[in-house]
Amino acid sequence: MATMTHINLETDLRLALVLDEALRITLTDMADIRSLPGAVLNMGTVNNSGSDTHQIRFASLGGSDVMVADATEIAQVVGTNVTDTSVPIAVVRQTLGREISDLAIMTGFSDDLDPQRLAADLPLSYARRFQDLIAAAIATGTTTVGTSGADMVVDDFYDATFGLELADNNGPYYCMLHGRQTADFRESLRSEGGAVQFLAPTGDMLRLKDQGLQGSFLGVPIFKSARITTDGTDRLGGMWSAGALAYKTAQRDARSFIGSSAIAVQQGEVTVEIQHVVGGGKVNVFADAYVGVALLEQPRMVQIITDA
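None of the values given here were measured: they were computed from a predicted structure. Going along each chain's sequence as written, the residues are numbered from 1 onward. Where local features are concerned, this predicted model is filtered to residues with pLDDT of at least 70; where side-chain atom pairs are given and counted, the filter is 80 or more; whole-chain, interface and lining totals use all residues. Computation of side-chain values covers all heavy atoms of the structure but excludes hydrogens and water.

A. Representation of the sheet that holds strand E7 (residues 213-217) within the structure. Pairing is mixed in the open sheet, where 6 strands are placed in the order E5-E14-E9-E6-E8-E7. Both edges of this open sheet fall to strand E5 (144-145) and E7, since each of them pairs with a single strand only. Both strand E6 (residues 173-177) and strand E8 (residues 220-224) contribute to a ladder of 3 bridges, which runs parallel. Along E8, the bridge assignment pairs Met-176 with Phe-223. Each of E6, strand E9 (234-241) and strand E14 (301-307) touches helix H3 (residues 115-138); the most contacted strand, E9, lies at about 85° to it. The pairing criterion for strands is at least two bridges between them, as found by DSSP. Per the convention used, a helix needs a DSSP run of H or I reaching at least four residues, while a strand needs a run of E reaching at least two, with both numbered from the N terminus. Pairs of residues are marked as contacts when any of their non-hydrogen atoms sit within 4.5 Å. Each axis is a line fitted through C-alpha atoms, taken for helices only over the stretch in contact, and angles between the N-to-C directions span 0 to 180 degrees.

Here you go:
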């Protein structure tokens, strides 16, 4: 008598494979540098300002112009102009959309892709985009340490702190590196001795901050991000002092939704909209965010350039 096997029944009575009902998320870097207080300045919104670009103004105050001695006692004082400069921050639309058919929704499992789940994910996509903008701003730094094509070593970290100190930065300092750089840095640390130690983050620190926080060295918190820029050969991480990086945002207001049939939800800087396409048999899920990031002062930033 022939034995009925699963493979023989696959043609009509069994499935060759079946999808598990649990939907898991693909591994991705979800770190957000904004969770580290003071690392990036929020300069507010451009709403109702008349322009999408704001000039961040600087003037040589704070005692940067120093008095000089008058050898004659009666010399006529000549006015010294205040040195001024400005850096633009342009707010640009960042967007992402997804579409899912009605039939795909109706036939889905209980734990599956649907408009609500897609909508809830879009703010996370914005957070990744924000890291790209921060990394791009770091890559505009003109002061550099490290060696192209070589692993990151402890000396590179010291050199970055020296560069900030020589430019009269007082701290606090922040450091953002790619995983390749943090791994090489830790490897180099294994051969270091002395009183200076790498301090790993505690559970409380991670809860208050973010998964990207790796710990601190020389009092500088180290943040790991997969979004660090590469030039094809090297990773362009960086260390900076407070006030180096800043961003501006804009938010849609009621005027943007006049006549809209979409369900709109504001989640921080992100506007998420869900709309069924009449006659189209599908649901559109879109998100918009308006943001611009800039490096405000070159002396506050040191690039750490090491192999990719």
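B. View of the nonpolar core. Judged by nonpolar contacts, the single largest core of 33 residues is most densely connected at Ile-33, Val-40, Ile-134, Trp-240 and Leu-245. Top element by residues in this core is H3. It accounts for 9 residues. The residues contacting Ile-134, other than those within four sequence positions of it, are Ile-33, Val-40, Met-176, Leu-245 and Val-293. Counting residues in hydrophobic clusters, the runner-up holds 17 residues, among them Val-145, Leu-164, Tyr-173 and Val-220. To form a nonpolar core, buried Ala, Val, Leu, Ile, Met, Phe, Trp, Tyr and Cys residues must be joined to one another through side-chain atoms within 4.5 Å. For every residue, the accessible area (1.4 Å probe, protein chains only) is compared with the maximum for its type, and the residue is labelled buried under 20%, exposed over 50%, or partly exposed between those bounds.

C. Structural detail: the packing of aromatic side chains. Centres within 6.5 Å make a pair out of two Phe, Tyr or Trp rings, where for Trp the six-membered ring is used; the pair is then stacked when the planes are under 30 degrees apart, edge-to-face when over 60, and tilted otherwise. Counted according to the given criterion, the structure contains 8 aromatic pairs. With a centroid separation of 6.1 Å and an interplanar angle of 40°, the aromatic rings of Tyr-158 and Phe-162 are classed as tilted. A residue pair is termed a helical-turn pair when its members lie 3 or 4 positions apart in one helix, as Tyr-158 and Phe-162 do in helix H4 (residues 154-166) at 4 residues. By relative accessible area, which is 23% here, Tyr-158 ends up partly exposed. Each member of the aromatic cluster is reached from another via a ring pair, and the members are Phe-157, Tyr-158, Phe-162, Phe-185 and Phe-217. Positioned above the aromatic ring of Phe-130 is the side chain of Arg-34, whose terminal nitrogen or guanidinium carbon lies 4.1 Å from the ring centre. Note on criteria: charge over ring means Lys NZ or Arg CZ within 6 Å of the ring centre, with the direction from the centre no more than 35 degrees off the ring normal.

D. Region of the structure containing the layout of surface pockets. Cavity means a closed set of points on a 1 Å grid over the protein atoms alone, one where a 1.4 Å probe fits but cannot get out, pocket means an open set with protein on both sides within 12 Å along at least 5 of 7 lines, and lining means a residue has an atom within 4 Å of a point. Grid points are joined across faces, edges and corners, and a volume is the space filled by probe spheres set on the points. What the largest pocket holds in volume is close to 420 Å³. Along its surface, the largest pocket is lined by 15 residues, and Ile-25, Thr-26, Arg-98, Asp-121 and Leu-124 are the ones closest to its centre. The element that contributes the greatest number of residues to the lining of the largest pocket is H3, accounting for 7 residues. When residues are grouped by polarity, Ala, Val, Leu, Ile, Met, Phe, Trp, Tyr, Cys and Pro land in nonpolar, Asp, Glu, Lys and Arg in charged, and all others, Gly among them, in polar. Class assignment for the residues of the lining of the largest pocket results in 7 nonpolar, 3 polar and 5 charged.

E. Representation of unusual backbone geometry in the model. Between Gly-171 and Pro-172 the backbone carries a cis peptide bond, its omega angle lying at 0°. The residue Pro-172 is located in the loop between H4 and E6 in this model. Even without being a glycine, Asp-168 presents a positive backbone phi close to 70°. On the secondary structure map, Asp-168 appears in the loop between H4 and E6. Taking relative accessible area as the criterion, Asp-168 reaches 66% and is therefore assigned exposed. For Leu-218, which is not glycine, the phi torsion reads 60° and is therefore positive. Examined against the element boundaries, Leu-218 turns out to sit in the loop between E7 and E8. Residue classification places Leu-218 among the partly exposed positions, given a relative accessible area of 34%.

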